[in-house]
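# Fold and contact review
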Amino acid sequence: MSPHEPVKLVRADDGSGVVLSPSTGKYFQLNATAAEVLEMTLDGMTFDGVANRLAEKFPEADKAAIRQDAEAIIGDFRSRGWVTA
């Protein structure tokens, strides 16, 4: 995946993040997991890479649920124009 518009992600000490969307001029607050997913996608990581990294971070979680959640988060980022497929 790659960035679609030049969004700016700033991470807080607790892992959460704030995103500035230049096209809208709006700020969006992300929880730590969503901020991590956005950071990985902005760095060019594939969907499978993102899902695998999350599965490593949360080994007790169901892998299918992780993939489903990652797909929903990335889908939201796509709908906002932050990343492309």
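Scoring rules and cut-offs
- Residues numbered from 1 in each chain as written.
- Predicted model: local features only at pLDDT ≥ 70, side-chain atom pairs only at ≥ 80, totals over all residues.
- Heavy atoms only, no water.
- Pairing = 2+ DSSP bridges.
- Helix = DSSP H or I, 4+ residues; strand = E, 2+ residues; numbered from the N terminus.
- Phe/Tyr/Trp six-rings, centres within 6.5 Å; stacked < 30°, edge-to-face > 60°.
- Buried < 20%, exposed > 50% of the residue type's maximum accessible area, 1.4 Å probe, protein only.
- Arc of directions from axis to C-beta.
- Contact = heavy atoms within 4.5 Å.
- Core = buried A, V, L, I, M, F, W, Y, C linked by side-chain atoms within 4.5 Å.
- Axes fitted to C-alpha atoms, helices over the stretch in contact; angles between N-to-C directions.
- Parallel < 35°, antiparallel > 145°, perpendicular 65-115°, else oblique.
- Left-handed = near helix turned anticlockwise from the far one by under 90°.
- Nonpolar A, V, L, I, M, F, W, Y, C, P; charged D, E, K, R; others polar.

So, about the pairing of strand β4 (residues 26-30). Where strand β3 (residues 17-21) meets β4, five bridges bridge the pair, whose relative direction is antiparallel. Paired with Ser21 across the two strands is Lys26, which belongs to β4. Joining the antiparallel neighbours β3 and β4 is a turn of four residues, in which Gly25 adopts a positive phi near 75°.

With that settled, consider the environment of Glu60. Here Glu60 shows up in the loop between α2 (47-57) and α3 (63-79). Separated by 20 residues in sequence, Glu60 and Met40 have C-alpha atoms that sit 21 Å apart.

In total, this model carries two aromatic pairs according to the counting rule given. Taken together, a centroid distance of 5.2 Å and an interplanar angle of 70° make the contact between Phe28 and Trp82 edge-to-face. One end of the pair, Phe28, is in strand β4; the other, Trp82, is in the loop between α3 and β5 (83-84), and 54 residues separate them in sequence. One aromatic cluster is present, formed by Phe28, Phe77 and Trp82 through successive ring pairs.

Looking now at α2. Those residues of α2 that sit buried are Val50, Ala51, Leu54 and Ala55. For α2, the arc enclosing every buried residue in end-on projection is 135°, short of the 170-degree limit, so these residues lie on one face. Packing partners of the buried residues in α2 comprise α1 (32-42) and α3.

What follows deals with the nonpolar core. Counting 19 residues, the largest nonpolar core has Leu30, Leu38, Val50 and Phe77 as the members making the most contacts within it. When residues of this core are traced back to their parent elements, those giving at least two are α1, α2 and α3. Among the elements that line this core, the one with the most residues is α1, at five residues. Setting aside anything within four residues of it in sequence, one finds Leu30 in contact with Leu9, Ser16, Gly17, Val19, Ala35, Leu38, Phe77 and Trp82.

Looking now at the packing of α1 against α2. Axis separation between α1 and α2 bottoms out at 10 Å; the angle between their running directions is 140°. Judged on the interaxial angle alone, α2 and α1 are oblique. The chirality of how α1 crosses α2 is right-handed. Where α1 abuts α2, its residues Thr33, Glu36, Val37, Met40 and Thr41 lie against Val50, Arg53, Leu54 and Lys57. Tallied by class, residues from the contact of α1 with α2 come to four nonpolar, two polar and three charged.

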